[in-house]
Amino acid sequence: MTTNTQLDYIPLFPTPLFKTHLPVPDGVVEYWKGKSLTVPTHQKTALDGWQSKPQYIWSKENENEQPRVLEKFIETLPIPMRMTTWWVNILPPGARHERHFHPGADLVFVWYFTNATGLVLQHPQFFAEGNLMGAWNCDQTHYNSSATITAAKGDLIIFPAHMQHLVLPNESESDRIALAGNIHIINGLDPHSQTHLR
């Protein structure tokens, strides 16, 4: 809590960010680099990068080991939720992701196959409260317009799907490679049912 003249500033409603670490299977980076050379990019938000075609986790086309590893981990979490769609992003030096969010999902995940910097999460109330907080003359430790995430190889980041986010240009000399996608909260529905998630 901080004080400005006669007013106490009490921050409310924190936004959850979840982080853990999952070992990256051997050969993953080489596999996806090879795919990017033979399969056209499914360009969505990746600018000057490569993006695989989004797939449902239950799709018959889904023969990759990595989404299954992540799906099994998510199913062990105390919150009943289901991984639904996934894709792989490769950002070579200079490439970036434009600002976007994931409508229709509850959470977004990013599983990093390489070390990475530059994931920027925008404060969900930035547009609604930006003028107020910009004018508030106090220590804004609890209020930032955005937060930048640095991740190590194997880090898994999960955050609310409504949060606007982007990835800054890759300033390293190596490709940034990550598996990303959507998660839905099950809310008591049959966790093995797929119809309510399609």
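Just above, that's the structure.
Not measured: the values here are computed from a predicted model.

1. What to know about the overall build of the chain
Across its full length, the chain holds three helices and 14 strands. Here the chain holds 198 residues, and 44% of them are scored as buried. Summed over its atoms, the accessible surface of the chain is roughly 11,400 Å², and 54% of this surface lies on carbon and sulfur atoms.

2. Some details on the pattern of salt bridges
Enumeration according to the criterion identifies three salt bridges in this entry. Through salt bridges with shared partners, a single network forms among Arg68, Glu71 and Arg82.

3. Some points on the side chain of Thr85
As for its position among the elements, Thr85 is in strand β7 (residues 81-91). Not counting chain neighbours up to four residues away, the residues in contact with Thr85 comprise Gln55, Tyr56, Phe109, Ala180, Gly181 and Asn182.

4. Overview of the side chain of Arg176
When you line up the elements, Arg176 lands in strand β14 (residues 176-185). There is no salt bridge for the buried Arg176, and the closest opposite charge comes from Glu171, which lies 7.9 Å off by N-O distance. At 2.4 Å, the side chain of Arg176 and the backbone oxygen of Thr117 are in polar contact. Among the polar contacts listed, one links the side chain of Arg176 to the backbone oxygen of Leu168, at a separation of 2.5 Å.

5. Quick look at the sheet that holds strand β11 (residues 146-151)
Sheet architecture is open: five strands sit in the order β4-β8-β13-β10-β11, paired in antiparallel fashion. Of all the strands in the sheet, the pair left with one neighbour each is β4 (46-47) and β11.

6. As for the packing of aromatic side chains
Taken as a whole and assessed by the stated rule, the structure comprises five aromatic pairs. A ring pair is formed by Tyr31 and Trp32, whose centres lie 5.0 Å apart and whose planes are at 85°; its orientation type is edge-to-face. For Trp32, a relative accessible area of 4% puts it in the buried group. Note on Trp111 and Phe113: the rings are 5.2 Å apart at their centroids and 75° apart in plane angle, and the pair reads as edge-to-face. Classification of Trp111 by relative accessible area gives buried; the value is 0%.

Cut-offs and rules
Residues numbered from 1 in each chain as written. Predicted model: local features only at pLDDT ≥ 70, side-chain atom pairs only at ≥ 80, totals over all residues. Heavy atoms only, no water. Helix = DSSP H or I, 4+ residues; strand = E, 2+ residues; numbered from the N terminus. Buried < 20%, exposed > 50% of the residue type's maximum accessible area, 1.4 Å probe, protein only. Areas by Shrake-Rupley, 256 points an atom, 1.4 Å probe, with all protein chains shown as cover. Salt bridge = Lys/Arg side-chain N within 4 Å of Asp/Glu carboxyl O. Contact = heavy atoms within 4.5 Å. Lys, Arg positive; Asp, Glu negative; His and termini not counted. Polar contact = N/O pair within 3.5 Å; in protein donor to acceptor, adjacent residues only side chain to side chain. Pairing = 2+ DSSP bridges. Phe/Tyr/Trp six-rings, centres within 6.5 Å; stacked < 30°, edge-to-face > 60°.

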